[in-house]
Structure formats: C-alpha cells, structure tokens
Protein chains: 2
Amino acid sequence: MADEFKHLVLVKFKEDVVVEDILKQLEKLAHEIDVVKSFVWGNDTESHEMLTQGYTHAIIMTFNSKEDYNTYVSHPKDVEFSAFFVTVIDKAVVLNFPAVSFKASS
Amino acid sequence: MADEFKHLVLVKFKEDVVVEDILKQLEKLAHEIDVVKSFVWGNDTESHEMLTQGYTHAIIMTFNSKEDYNTYVSHPKDVEFSAFFVTVIDKAVVLNFPAVSFKASS
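Calculation notes
Residues numbered from 1 in each chain as written. Chains lettered and ligands numbered in written order. Predicted model: local features only at pLDDT ≥ 70, side-chain atom pairs only at ≥ 80, totals over all residues. Heavy atoms only, no water. Least-squares fit on C-alpha atoms with pLDDT ≥ 70 in both. Contact = heavy atoms within 4.5 Å. Pairing = 2+ DSSP bridges. Helix = DSSP H or I, 4+ residues; strand = E, 2+ residues; numbered from the N terminus. Axes fitted to C-alpha atoms, helices over the stretch in contact; angles between N-to-C directions.

Talk me through the relation of the copies chain A and chain B; I want residue IDs and the actual numbers.
In screw terms, the move from chain A to chain B is a rotation of 180° and a rise of 0.0 Å along the axis, fitting with an RMSD of 0.0 Å. Taken together, these values place the two copies in the relation of a two-fold axis. When the interface residues of chain A are mapped onto chain B, 100% of them again fall at the interface, so both copies present the same face.

So, in structure tokens, the structure goes:
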C-alpha cells in the first residue's frame, strides 16, 4: 500500500468541551466523505505527560492517495468542521504524509 | 478490530543524524519482534510548521492488544533501541491508545 496517504492529528481539547460529541461529528464526516478510506482515533489515558506533551487524543485518517486527501480537505463539510474544530482545541499537531508500510497496512 | 492497540510517535530528529538508518533499524525491530502487527512511518515534507510544530516524522505501530504492546516495550531489543533513539531525537510526542476504528482497520 505504498500509495496510501495519512492525515494525523494529535489534540489537546479545551477543558469545557464534550470530546465525545466532537469525535462523533468527525466519525460522521469520515463516513459522509467517500475518499476517507479509514478513520481511527484513540485516547491515551495512561502515558506520562513527559511522553504525551499534554496531547490526549490521536486521529488518523487514511486515504488512497494525496489527491484523495486534497479532495477531503477542500470538501465543504470538512472546511466547516475545521472551522469548528479550531474553536474546541487547546493545541494540536498535524502531520500529512505518504505512508511507508511494513508487515501490513495500518 | 476494537482491540487493536497503537503506539504512535511523532519525532523531530537531531540535525546531524541519518534518519534513513534509524528508520531502517526500526523496521528491522518491527520485523524481529513478532507481536508488532504492523508498522507504518511517514515524513511530512510539506505542511507548515504552524501545523507540524517542527515534528517531521510519524511512526505508527499496531498491536493486537495492549498486552502485545507491553511485550514489545519490554523486549530487550526494544529496550536497547529506545536507549539509542533518545540520543538521536530533538523532541518527540508519544501516545499509546486502544484504537477505535471506522470504515476499516488503519
């Protein structure tokens, strides 16, 4: 799967937001926009802040190609979601990259 | 795949290290330690530092369970690699979490 492209976001949410609702919106978005091949999120509740730097959630979206990713980020629904997303986060790191896979696609 | 467990590392390497060599060592490690279900890495060469916070590489390891992850991090080869890894990085974020997957495993 050398051509897969990943959109990776680490997030620390603001304290007064309902994280579950935001993740549900993101899941809905991933379902509605066809080019999203897969969507995974996770919440690290155990690692030391020395490792997490305060980030609590990871979001990993996988696309078949960079072109599909570009289609996603220019989709009106993602544009709208992103405008909302920046209002609920304390901080974030975003990395977008062609995925080099071993052992299996993941 | 509700039980999958992910080990996610974002890295900014020191300027004088040969990143390709380090990633090759990591690939070798992922192959040698059976519990690693899949291993993916990527290099973001395009996103603005406002998004990447200076992190350039992402490493995503997937395990069938948290127990398998624990087996991995206590494996002598990983312990040895980790001791080396901290000497070649400028900074890193590490998140470990049970993966909540949609659309497909990824």
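Give a description of the sheet that holds strand E3 (residues 57-63) of chain B that names residues and reports values.
If you walk across this open sheet you meet the 5 strands as E5(A)-E2(B)-E3(B)-E1(B)-E4(B), and the pairing is antiparallel. Sheet topology places strand E5 (100-102) of chain A together with strand E4 (89-98) of chain B at the edges, where each strand pairs with a single neighbour. Each strand axis lies, on average, 15° off the axis of its neighbour in the sheet, ignoring direction. Bridge analysis of E5 of chain A against strand E2 (residues 38-43) of chain B gives 3 bridges, and the strand direction is antiparallel. When the sheet's bridge partners are listed, Phe102 of chain A is paired in E2 of chain B with Phe39 of chain B. Here helix H4 (residues 76-88) of chain B sits on the sheet and contacts strand E1 (5-13), E3 and E4 of chain B; the angle it forms with E4 of chain B, its principal contact strand, is near 135°.

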